[in-house]
Structure formats: C-alpha cells, structure tokens
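Chains, contacts and geometry: an overview
Next come the chains, spelled out residue by residue.
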Amino acid sequence: MKFMKLGSRPDTFYTTEAVRSVSSEVSSDLIIQVKGSRYMLHKFPLLSKCMRLQRICSESPETLQPQIIQLPDFPGGIEAFEFCAKFCYGITITLSAYNIVAVRCAAEYLQMTEDVEKGNLVYKVEVFFNSCILHGWKDSIITLQSTKAFSLWSEDLGITSRCIESIASKVLTHPSKVSLSHSHSRRVQDNMSCNGAESQRHQQTIKGWWAEDIAELSIDLYWRTMIGIKSGGKIPSNLIGEALQVYASRWLPNISRKVKTNREATTASTSDSDSAGEVTSKHRLVLESLVSLLPSEKGAVSCSFLLKLLKVANILNASSSSKMELARRVALQLEEARVSDLLIPCLSHSSDTLYDVDIVLTIFEQFMLQGQSTPTSPPRSKLGIERRRRSRSAENVDLEFQEARRSSSASHSSKLKVGRIVDGYLQEIAKDVNLPLLKFIAIAETIPNFSRPDHDDLYRAIDIYLKAHPELNKSERKRLCRILDCRKLSVEACMHVAQNEKLPLRVVVQVLFFEQARAATTGAKVADLPSNIKALLASHNIDPSKPPGPLSTTTSIPADDEWSNSGIKSPKSRNSRLRNKVAGEDDLDENEMNRDGMGRPSKFKAFCALPRRPKRMFNKLLSINRSGSERTK
C-alpha cells in the first residue's frame, strides 16, 4: 500500500475540556465548529490556504472576540477537517488509500486550490491519487470502497469513475504486470514455473485472480466495475461467471435454512420484521444485479449455480422478470441439472405445495421450446442434389451426413438426460400430499415420448403419487395412468404393476396382456400372480393362466375399467374397433379435464399405447391357442 507524508512539523494539537487547540504563543482568534466538535485555531495559517474560510470571515464584521464559524455539513467529519487544519499549520500528515477520499472531499469543501496558494492540498492529493493510488490494485479497490461514504462528492470529483476504470484496466491486463496485494502476488508467483511460463494446472486460477478482491465491493460499485470489465471484451465468459459465483457466495448466504415457511414469518415481531425486510431488500438487490450481469453465452455458469440463484429468488420474492430470466438460462443447460437442485421451496401464500412446481414446469417448457430437433437423417432431396454435384467428392458428402447426425444426436441425448431428470423430479414431488393431479400430469407430459426409452421411473413416480393420494377416485387414477406406456416397462416393473392394487384394473390387465404376448414371442413362461390379484381377476371372469385367446370379450369388466380389447370378434374390424373404443373413452376424459381448464388432449397418447400391429399379434395368439388345443387332443 502506498503512503504520502505532507508537512514536517510535529503534531501540536491537544484537547482541553472537549476543545481541540494547537500549541502556540499566539492566542487563537478563530473558533470552528465541526460536527459538534470545537477547534480553537488561528486565522492566518487557515485563511492563507482556505478560500471558503476567507469568504466567510470577510462577510463577518471585525470584532475583538474570536470569530466563530460553523461547518455543520463538512464532508468527512472531524478527522478530515483536522487533516486539513494540520496541513495549514505544516504539521505532518499521512495520506493513504483509506483516507484519501475523505481528505480530498474536505479540501474541495474548504476550496484549498491553486488559486489560493501554489502547492495547495487539492493539488498534492490529486498528484498522489493519480500517480500512486490508481497504479496499485489493492489501493484502487480500497479507495473505491471508501467512496461509498461520500458518494455525491466522489461522483462530482470523478474519484469513483477513475477507480472503476483503473480496476477494469488491470483486470484486462496480465497479473504479472499489475501491482497486486502481497497474498495475490505470492499466489501468482507460486503458480509460475521455473522458466517463467504458467503451469497448466494453475492457469485458470491465475486468469481469475481478480474475482475475490472485487467481491468486497458493495453491489452498486461491483455492478459498475463488472460492466467496465465486460465492456473490454477480453475476459472469457466463463471467468465472468466464476466471478459472479464468488460474489454470490460472499453476499448471498444460504438463507433458506433461516426461512422455514412464509406462514411462520408472519408471526414475527414488528421490529424483527423490519430488520428482516431491510436485509431481504438488500439481498434482493444483489440477486437481481447478479442476474443482469450473467453472460449470455451458454455454459458460462453452471446449471447448479443458476438453480441456486432461482431458489434464493423464490425466497426473496424477486421480480418476475429475474425469475423468468433464470428459468430461461436453466433451460438452456437443463441436461446438467440435478434433481435436488430442482426442488425449489414454495413460499407463496396462494399455494400449499412443498415445492414451486410452476417455475420448474416453466423450465421444462422452455427447454422444449429451444428448437432442438429429434435425430433424423438429412432430407433425401438434399442428399440427392449433393450427390449430383460432380464438384463434390463422395467423401465430402459422407462427412456432411455424419456431421448432421452428430449434431442431431447431441440434441437427442440431451432430451434423454432431461427425461431421466423429469422422472426423478416426479418421484420427489409425488410425495407431496398437496400436489394437484393435473400439475403432476402436466410435468410428466412436458417431454416427448422418445425421451423415455423405458417407463420404469415414471411408474415409480405414479406409484408414489397413488400412495400419497389415496383419496383419488377411479376416473382420476385412470387419467393418471394414461401417461404410462405398459410396453416400456421392464419385467420387474410389470410384476410390481400386477401386484399393485392401487392401479386401475385396465392397467393391470393391459400389463398382463403384454407380458403374455412377450412370453409367447420369446417362448418364456409368465410368472405366477399373487392370490389377491388372481381373486381380483377371477371376479371379472379373467383367467391369467390362459392367454387371451381370440380376445372376444366375454368377461364382465365394468364399463369404466374396460380397455382396448372390447368388441373384437372379427379380424377385419379389430383396428377400427380398437381406435373407436379408445377415442370414445378419451373423449369422455377429455371433457372432464376441460371443465377445469387444465387438461391436455390425450387421444393420441392413448392411441399410441395400443399395440402397433394388433392384427399380427392376435393372429399369433390364436395360433398358439390352436396348437395348444391340438396337443391336448
């Protein structure tokens, strides 16, 4: 840290009965009152350097008594005034980054300029500030921090802007060329190899050497400094993101542990609420400022950090624009998210759910709106045109084809990862007894069908939801299970479904049908069912030990539990009757859902849940039945 000493005389100021005086053979003829303190001084040394005091004394009539001057709005208080007074007496004073702003503002207030005397205090402070303070890294930061107490004066004198420009220019410079603090200088030296080159292991640390120091700034000064750094265009976006994380960890503590629920907060006392509200407003300002500083490049900050900011934004009740911006950025790299990070607590009075499901639903929807296409091969017409071009070799066409496949497969793989994240998230929120059914279904349907190669995780989420919501009626359970594709369940999951009494009967029968069809195709044996399931099926005249045969529905399944095998008696009418049956059921359920305005059409999904080639499968089952009957004969 740089210092500058002015004056050569020893300090002769002393205090007597709360009055500050200076030792002199001449009696004092000037009394100055500053911030409740009184100084017994002399006119000659002060008026010779202070234009303001000259003008005040000239406007007052001459008297034999010491003249009294009051300076109630003096910037910097008694410390800064005493520095100026000692300078006028030639007493030694020491300037540093800690007091230079206060002294500079006080000297400007007293008008200690070159118009009064050459080499006056304003000139000497400016020389020290420009030649030493602004050349040092730590000195610039300390000086910038001290401008907070004199914001208006510092802005008018250009101290704040010059400090910010100095810090930004040093960030854009290599650390070896910057006068750093002792700790940072030693860190940089340790990260240098013997030949002077940066080691690869510490190269990233060296590049972000400035983040911790500027994190000490208040949010308004930090925001202006980061704007200056970003405008330089030389700092990579990932380093900007790391700096923002450092600042967030410094000024945004984990307040979620302190805030249990919004309902408990309302019971706090008025004084506690006022202090907590002040802290919350400061944190909210920090959060919204950090959101505005986030780099636009994807991957500049981690998805986990963005979700932590979103959690804090929810707790602090930040602006909706900040929340939507964070949700949009999370969606850009949602495949990196963890399920635990998506569990954002809900503190809204209008909702009783444990987690904020709406903001996560927005994230999933924003992810699907990114325009990522499913993996498809290039159009044939385009390939044909490329092959006709004689100027291009076949190898170039092949390389272009492979590149297109790689770009599309990256999009496909990200959706597969997000599919697993969605199912994991559903399993967590399904435990909430206050979670509405339609919100659960809405989240499950945000991702396309190909994002779920198997439905085991989705079935676990459905099972958890059914256990946490035993009050669901039969229609609601059917609506919930419609999002499940039984063909994508593993053998273990199918066995669990067959024993799950909470599921609608049509789902159990459908799983048994697909299991028997799978066993018939592979020659395997269907495992025995538990006695309670056998009794349930027997009550509806269903024998699980036998294949469905021609699937002519002689069973007495109730109308609301029927599934897609009703009405099939002739091969010609199988497909049409299947589709008519499913369409009719979906029309009823769709009308029920549309009454509350939150339903989504599921006709296509229910149609997709049918076997893709039912005619072929039924013929195979018929052939198996005939061969079995012939053997018995």
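The model shown is predicted, which means the values in this text are computed figures rather than measured ones.

Once that is clear, we can look at the overall build of the protein. Looking only at helices and strands, the protein features 30 helices and 7 strands. The buried share among the 633 residues of the protein stands at 44%. For the protein, long-range pairs separated by at least 24 residues make up 72% of all intrachain contacts whose partners lie at least 6 apart in sequence. When the accessible surface of the protein is totalled, it reaches about 32900 Å², and 52% of it is carbon and sulfur.

The phi dihedral of glutamine 111 falls on the positive side, at around 60°, and the residue is not glycine. With respect to the helices and strands, glutamine 111 occurs in the loop between helix H4 (100–110) and helix H5 (121–131). Unusually for a residue other than glycine, asparagine 317 sits at a positive phi of about 55°. Considering the arrangement of structural elements, one finds asparagine 317 in the loop between helix H16 (303–316) and helix H17 (320–332).

Glancing now at the packing of aromatic side chains. For the coordinates displayed, the defined rule picks out 11 aromatic pairs. Geometrically, the ring pair formed by tyrosine 222 and tyrosine 247 is stacked, given 3.9 Å between the ring centres and 20° between the ring planes. With a gap of 25 residues between them, tyrosine 222 in helix H12 (residues 219–232) and tyrosine 247 in helix H13 (residues 237–251) connect regions that are remote in the sequence. Taking relative accessible area as the criterion, tyrosine 222 reaches 0% and is therefore assigned buried. For tyrosine 247, a relative accessible area of 1% translates into the label buried. Members of the aromatic cluster, each reached through a chain of ring pairs, are Tyr39, Phe74, Phe81, Tyr109 and Trp153. In this arrangement the basic side chain of arginine 52 is found over the ring face of tyrosine 109, its NZ or CZ atom lying 4.0 Å from the centre. Here the basic side chain of arginine 250 rests over the ring of tryptophan 251, its NZ or CZ set 4.2 Å away from the ring centre.

What follows concerns the environment of glutamate 336. Checked against the element boundaries, glutamate 336 lands in the loop between H17 and helix H18 (339–342). Note on glutamate 336: relative accessible area 45%, which makes it partly exposed. Considered as a pair, glutamate 336 and valine 418 are 82 residues apart in the sequence and their alpha carbons are 8.5 Å apart.

We now examine the packing of helix H23 (residues 456–468) against helix H24 (residues 474–481). Running from amino to carboxyl end, H23 crosses H24 at an angle of 160°, the nearest separation of the two axes being 11 Å. With respect to H24, the element H23 is oriented roughly antiparallel. For the pair H23 and H24, the crossing hand works out as right-handed. Here H23 contributes Ile462, Tyr465 and Leu466 to the contact with H24, which in turn contributes Arg477, Leu480 and Cys481. Across the contact of H23 with H24, the residue classes tally to 5 nonpolar, no polar and 1 charged.

Chain-level pLDDT for the protein is 77 on average; 67% of the residues reach the 70-or-more range. When the criterion is pLDDT under 50, residues 182–202 qualifies, and its contacts beyond four places in sequence or with other chains add up to 19 contacts. Ignoring residues within four places in sequence, the model shows residues 399–410, a span with pLDDT below 50, making 13 contacts including any to other chains.

Secondary-structure assignment places aspartate 432 in the loop between helix H21 (394–429) and helix H22 (437–444). Put simply, aspartate 432 is tucked away with no salt bridge, and the nearest opposite charge, on lysine 439, sits 9.0 Å away. A polar side-chain atom of aspartate 432 sits 3.0 Å from the main-chain amide nitrogen of asparagine 434. The contacts of aspartate 432, once residues within four sequence positions are left out, are Thr353, Leu354, Tyr355 and His469.

This next bit is on helix H25 (residues 491–498). Among the residues making up H25, those that are buried are Ala493, Cys494, Val497 and Ala498. The arc that holds the buried residues of H25, viewed along the axis, is 140°, so those residues lie on one side.

Right, let's talk about H12 for a bit. For H12, with 14 residues, the first-to-last C-alpha span of 20 Å sits near the 20 Å given by 1.5 Å per residue. Among all positions in H12, only Ile219, Leu221, Tyr222, Thr225, Met226 and Ile229 are buried. Axial view of H12: buried residues confined to an arc of 155°, hence all on one face. Once H12 ends, the next one or two residues include glycine 233, with phi positive near 75°.

For the rest of this paragraph, the subject is the pairing of strand E3 (residues 19–22). Alternating positions in E3 separate into two faces, Val19 and Ser21 on one and Arg20 and Val22 on the other, with burial throughout. Looking at chain direction, strand E2 (residues 13–16) and E3 are connected through 4 bridges and run antiparallel. Note on E3: the bridge partner recorded for tyrosine 14 is serine 21. Between E2 and E3, which pair antiparallel one after the other, the connecting turn spans 2 residues, and glutamate 17 there sits at a positive phi close to 50°. The pairing of E3 with strand E5 (residues 37–41) spans 3 bridges and is classified as parallel. Counted as the bridge partner of valine 19 is arginine 38 from E5.

Analysis parameters
- Residues numbered from 1 in each chain as written.
- Predicted model: local features only at pLDDT ≥ 70, side-chain atom pairs only at ≥ 80, totals over all residues.
- Heavy atoms only, no water.
- Helix = DSSP H or I, 4+ residues; strand = E, 2+ residues; numbered from the N terminus.
- Buried < 20%, exposed > 50% of the residue type's maximum accessible area, 1.4 Å probe, protein only.
- Contact = heavy atoms within 4.5 Å.
- Areas by Shrake-Rupley, 256 points an atom, 1.4 Å probe, with all protein chains shown as cover.
- Phe/Tyr/Trp six-rings, centres within 6.5 Å; stacked < 30°, edge-to-face > 60°.
- Lys NZ or Arg CZ within 6 Å of the ring centre and 35° of its normal.
- Axes fitted to C-alpha atoms, helices over the stretch in contact; angles between N-to-C directions.
- Parallel < 35°, antiparallel > 145°, perpendicular 65-115°, else oblique.
- Left-handed = near helix turned anticlockwise from the far one by under 90°.
- Nonpolar A, V, L, I, M, F, W, Y, C, P; charged D, E, K, R; others polar.
- pLDDT = per-residue confidence, 0-100.
- Lys, Arg positive; Asp, Glu negative; His and termini not counted.
- Salt bridge = Lys/Arg side-chain N within 4 Å of Asp/Glu carboxyl O.
- Polar contact = N/O pair within 3.5 Å; in protein donor to acceptor, adjacent residues only side chain to side chain.
- Arc of directions from axis to C-beta.
- Expected span 1.5 Å × (residues − 1).
- Pairing = 2+ DSSP bridges.

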